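Structural overview
Here's the letter readout for the chains.
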Amino acid sequence: MAKVATRDWYDIARDTNWTPTYVAEDEMFPPQFSDPYGIPLAEWETFDEPYKITFRDYVQSQREKDVGAYSVKSAIARTEFYRKASPGWKSLLQLHFGAVSFTEYGSVSAFARMSRFARAPGMRNMANFGSLDEIRHAQIQMYFAYEFIGESRAFDWAQKAVRTNNWVVISERHCFDDIEHTRDVISAAIMTNFSFEQAFTNLQFVALSADAKKYGDYSFATMLQTIQSDEARHAQIGEPLIEIMLRNGRKAEAQKLIDISFWRIWKQFSVLSGVSMDYYTPLEQRELSFKEFVKEFVGNQFLRNIQALGLEKPWYWDEYFLPDIDVYHHAQQIGIYLYRATEWWDVIAGVSPAERQWLESKYPGWNDTFGQVWDVITENILAGRLERTEPKLLPMMCNMVGFELTGVPGKKWDVRDCQVDYEGRRYHFGHPVDKWIFEQEPKRYKNHMGFIDRIVRGIVPAGPDGVFDYMNMGEADRGNCGENFAWAESYRRAAE
Amino acid sequence: MTDAVVFPKSNSRPGLKTWSTLAGTRKRPSEYEILTYNLHARTRDPQAPYEQDPDTMMNSWYKKHVVASPLTHPDWDAFRDPDQLTYRAYTTMQDGQEQYVDGLLEDHSENGHDASLPSAWVDALARLYTPGRYTAAAGQMASAYLVQVAPASTITNAAAFQEADCFRWISRIAYRTRELANSHADRGFVTGERARFETDPAWQGIRELLEKALVAYDWGEAFVAYNVVAARAVEEACVRQLGLAARRHGDTLTAMLADNQMKDAARSRRWTAALVGQCLAVESNRAVIAGWLGKWLPLADRAIDMFCAALPESPAAGEAAKAACAGFRRELGLA
Ligand SMILES: [Fe+2]
Ligand SMILES: [Fe+2]
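All figures in this text were calculated on a predicted structure; none of them were measured in a lab.

Rules used throughout
- Residues numbered from 1 in each chain as written.
- Chains lettered and ligands numbered in written order.
- Predicted model: local features only at pLDDT ≥ 70, side-chain atom pairs only at ≥ 80, totals over all residues.
- Heavy atoms only, no water.
- Helix = DSSP H or I, 4+ residues; strand = E, 2+ residues; numbered from the N terminus.
- Rg over C-alpha atoms; globule rule 2.2 N^0.38 Å.
- Buried < 20%, exposed > 50% of the residue type's maximum accessible area, 1.4 Å probe, protein only.
- Contact = heavy atoms within 4.5 Å.
- Areas by Shrake-Rupley, 256 points an atom, 1.4 Å probe, with all protein chains shown as cover.
- Buried area = accessible area lost by both parts, 1.4 Å probe.
- Salt bridge = Lys/Arg side-chain N within 4 Å of Asp/Glu carboxyl O.
- Polar contact = N/O pair within 3.5 Å; in protein donor to acceptor, adjacent residues only side chain to side chain.
- Nonpolar A, V, L, I, M, F, W, Y, C, P; charged D, E, K, R; others polar.
- Donors = N, O, S within 2.8 Å, 3.2 Å for Na, K, Ca; no water.
- Core = buried A, V, L, I, M, F, W, Y, C linked by side-chain atoms within 4.5 Å.
- Domains from an automatic or database assignment.

1. Examining the overall build of chain A
Of the regular secondary structure elements, chain A holds 23 helices and two strands. Over its C-alpha trace chain A gives a radius of gyration of 23 Å, about what one expects of a compact globule, namely 23 Å for 496 residues. Expressed as lengths along the three principal axes of its C-alpha atoms, the size of chain A is roughly 80 × 60 × 40 Å. Looking at the 496 residues of chain A, the share that counts as buried comes to 66%. The long-range share in chain A, meaning contacts at least 24 apart out of those at least 6 apart in sequence, stands at 77%. Carbon and sulfur atoms provide 52% of the accessible area of chain A, an area that totals close to 16700 Å².

Below, the structure is given as structure tokens:
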């Protein structure tokens, strides 16, 4: 007798629903976690994951993947590589590992919630792989970050960021807690697997990997690629759920989940990937601009996926999303550079004459807007007025995104401040879409204290170091200019 | 790349020997600790475990079932998995185990094992073995609940690998279900398991135990109900005693698969023992756990009796299974 073919037993392994009688069905699968949409169980049981793999094949292929990913270069060679890397690349690694590792670890629990509460056994099984995958992503990234910990304290943040109240981390938690961790498993899966993983992880794991390869950082490139191969698999939990929602008259609800999560994730990736690609990656190694990557991975692929499912592009797509690709990360980059002491990584200006030329070519009009702010910063640095490049004033921050409220400076100054007064408190938003998200479910977002709210209300201790203490940032945790302002010198030479 | 250029040393932010969170430890941290220790965001702020309104559905749930649990400890993150499993170690280990199982299945299939089984034992397999995938599915769900609520990342990861082990056995039982159906049509393989699990008296105690354990939402009770009681009862009755009966009936394959499944069970017991040990260091926890055991043990003992009574030619099975469960609790200092 031969081996039983996988297709002959696979369905049995996802035929694991029984009807409970010793406890109520709603107790075992509380609607708040399992299905607030009231779709019949038989409908959920049609869930069919597009990508099928067995436990047996999973452990084998993942073991092989890790043998490859962990052994591209020895630890010593990697440390050597890091020492010689350009400041921009160093900063990119510092930012990446601190910002990404803990969100990966968080996803372990998001998938586990699906494995516990999803009504479809196939979804529970796929999410089980998802939890394992995310343990892998947290561990492999912490492993690589740990190799650099002797080089810079910034890499400590791959481990400690999650427990701090650093303002960047608060922003990340606010976003990912919202879409991944605090909703029923159907909504969370659509938001996480479809909007976040399928639409955006390509940016950080495929596009950035291309830059890394070009830069010669093969360990980082390979690691990112293998992460994306897991993402591409478990991201597929989202689509069949959307199909079931649509078949059962829940199109509006599915659409709204996507509209909310797409925007929330966009804001995070815009800053994380946008700044990394357009300012930190050394000029010669930039594969494409961030905008070009977004057009390809998000503008084309995501839009195709969403339309193939019979959904619409988010309502704000043309009016707000497309224009935002040109501005948001450029505006945030300025604040990130100026408030560098509040960030764990060393920041990079990325605006030498050649880089500005590149920015202007990729983002026509950049010089007349963002460039004007950089002119002032450059002048201050050249005149030795470094203190003027570190603002003492508190910025206004968005109560949804948790980043500074920004618009387009310079000739078309346009700082948006959308406000909502709700139950006696005023909330500020950086964008009409952020305000719209708040208004969809104020009870979810109210009473959350943004970073500036915490300062204003005295939650953050007073005194010159109060803010830093609150963020768990000793002197050595605070970022500097990664090039020690050497980039500005090129302007002095040009002027001479 | 551009290693020809030498950049000015930008600043003095010296590196560290290890993560700052592990700086105080005497021993050099292991790879396991470096990659597993102290990674949860939700344990940061007991008022709002999640970064949103403190009273949202999920914040309320976590505060009620974890923060306010009667099971307490000043430092849950002190927990260590005795097996020190990382992801890489887990996939490497289980790839090896799965390779072994592949070999078992191939050997037995080549030798015409299933066709040679006594007819009455084939019926016993249809009644008592293949419906077992539902118990593994319950274990997958129970473990997944611990993953997402556990108050330490070291506990979360141990539970996640336990969850994956359950998935492993859902899969292998499914494989065997089809294989048995291929050589023994009309015995109810593939088509009959759900009804057996839902209505056959042999399974009803087990099903009641698992369903109730699944709705024990206090995280501490969920751990005790599943890891200390239910998982052990299911293993001792539906795996070990079933395996022994199989061997008596010439079914070496079921027996050897059971032995292999007990390896995963042994690992689960090791971390369960470690966590119970940590709990008992806090005096008030002893009464809390005793209270839960008082509630769960009668269900478990009854479940074992009902299942083992159906095992052919195994008059001592029930007592042996109950004794083994009690022995495990004695090891934990809970007897
Ligand atoms: Fe991931
Ligand atoms: Fe993922």
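Text resumes after the structure shown.
2. Description of the interface of chain A and chain B
It is common to give the size of an interface as the accessible area that goes away when the parts come together. On the chain B side, the residues contacting the 106 residues of chain A number 93 residues. Here chain A meets chain B over a buried area of about 8900 Å², counting both sides, of which 60% is carbon and sulfur. For the chain A face of the interface with chain B, the top three residues by lost area are A:Trp18, A:Tyr22 and A:Phe55, together amounting to 10%. The interface formed by chain A and chain B includes seven salt bridges. Linking B:Asp95 and A:Arg63 is a salt bridge whose minimum nitrogen-to-oxygen distance equals 2.7 Å. Joining chain A to chain B, the criterion identifies 49 residue pairs in polar contact (both at pLDDT 80 or more). Per-element accounting of the side of chain A that touches chain B gives the leading share, 14 residues, to helix H8 (residues 121-147) of chain A. Broken down by class, the residue content of the side of chain A that touches chain B amounts to 44 nonpolar, 30 polar and 32 charged.

3. Section: the coordination of the iron ion (ligand 1)
Geometry reference: four tetrahedral donors at a metal, ideal angle 109.5 degrees. Six octahedral donors, ideal angles 90 or 180 degrees. Residue and element names in this part refer to chain A. Within the protein, the iron ion (ligand 1) binds to Glu-104 (OE), Glu-134 (OE), His-137 (ND1) and Glu-231 (OE); these donor distances fall in the range 2.0 to 2.2 Å. Going along the chain, you hit the donors of the iron ion (ligand 1) in the pattern E-x29-E-x2-H-x93-E. A separation of 3.2 Å is found between the iron ion (ligand 1) and the iron ion (ligand 2), which share Glu-134 as a coordinating residue. Placement of Glu-104 in helix H7 (residues 87-117) and of Glu-231 in helix H12 (residues 218-234) is noted, with a sequence separation of 127 residues between them. Glu-231 matches Glu-104 in its accessibility class, with the two residues each being buried.

4. Some thoughts on the nonpolar core
Grouped together as the largest cluster of nonpolar side chains are 285 residues, with contacts concentrated most on A:Met123, A:Tyr337 and A:Trp487. Looking at this core element by element, the count peaks at 17 residues for helix H9 (residues 219-248) of chain B. The residues that make up this core include at least three from each of domain 1 (31-67) and domain 2 (76-332) of chain B.

5. Remarks on unusual backbone geometry
Unlike most non-glycine residues, A:Phe485 shows phi in positive territory, near 70°. Of the residues examined, A:Phe485 reaches a relative accessible area of 14% and is grouped as buried. Its identity is not glycine, yet B:Asp186 carries a phi of approximately 65°, on the positive side. By the element assignment, B:Asp186 lies in the loop between helix H6 (153-183) and helix H7 (193-199).

6. Focus on the domain arrangement of chain B
Residues and elements named next belong to chain B. Partitioning chain B into domains gives domain 1 (31-67) and domain 2 (76-332). Relative placement of domain 1 and domain 2: their C-alpha centres are 29 Å apart. Contact with domain 1, which involves 16 residues of that partner, is made by 21 residues of domain 2. Inspection of the region where domain 1 meets domain 2 yields 14 residue pairs in polar contact (both at pLDDT 80 or more). Looking at the side of domain 1 that touches domain 2, the elements with two or more residues in it are helix H1 (31-36) and helix H2 (57-67). Among the elements that take part in the side of domain 1 that touches domain 2, H1 stands out by supplying five residues, more than any other. Its residues assigned to classes, the side of domain 1 that touches domain 2 comprises eight nonpolar, five polar and three charged.

7. Quick notes on the pattern of salt bridges
Residues and elements named next belong to chain B. Taken as a whole, this structure holds 70 salt bridges over all chains when the rule is applied. A salt bridge links Asp-102 to Arg-172; the shortest N-O distance between them is 2.9 Å. In this pair, Asp-102 is assigned in helix H3 (residues 87-110) and Arg-172 in helix H6, connecting sequence segments 70 residues apart. The same class applies to Asp-102 as to Arg-172, namely buried. As a salt-bridge pair, Arg-267 and Asp-264 come within 3.0 Å of each other at their nearest N and O atoms. With Arg-267 and Asp-264 both in helix H10 (residues 252-280) and three residues apart, this pair spans about one turn of that helix.

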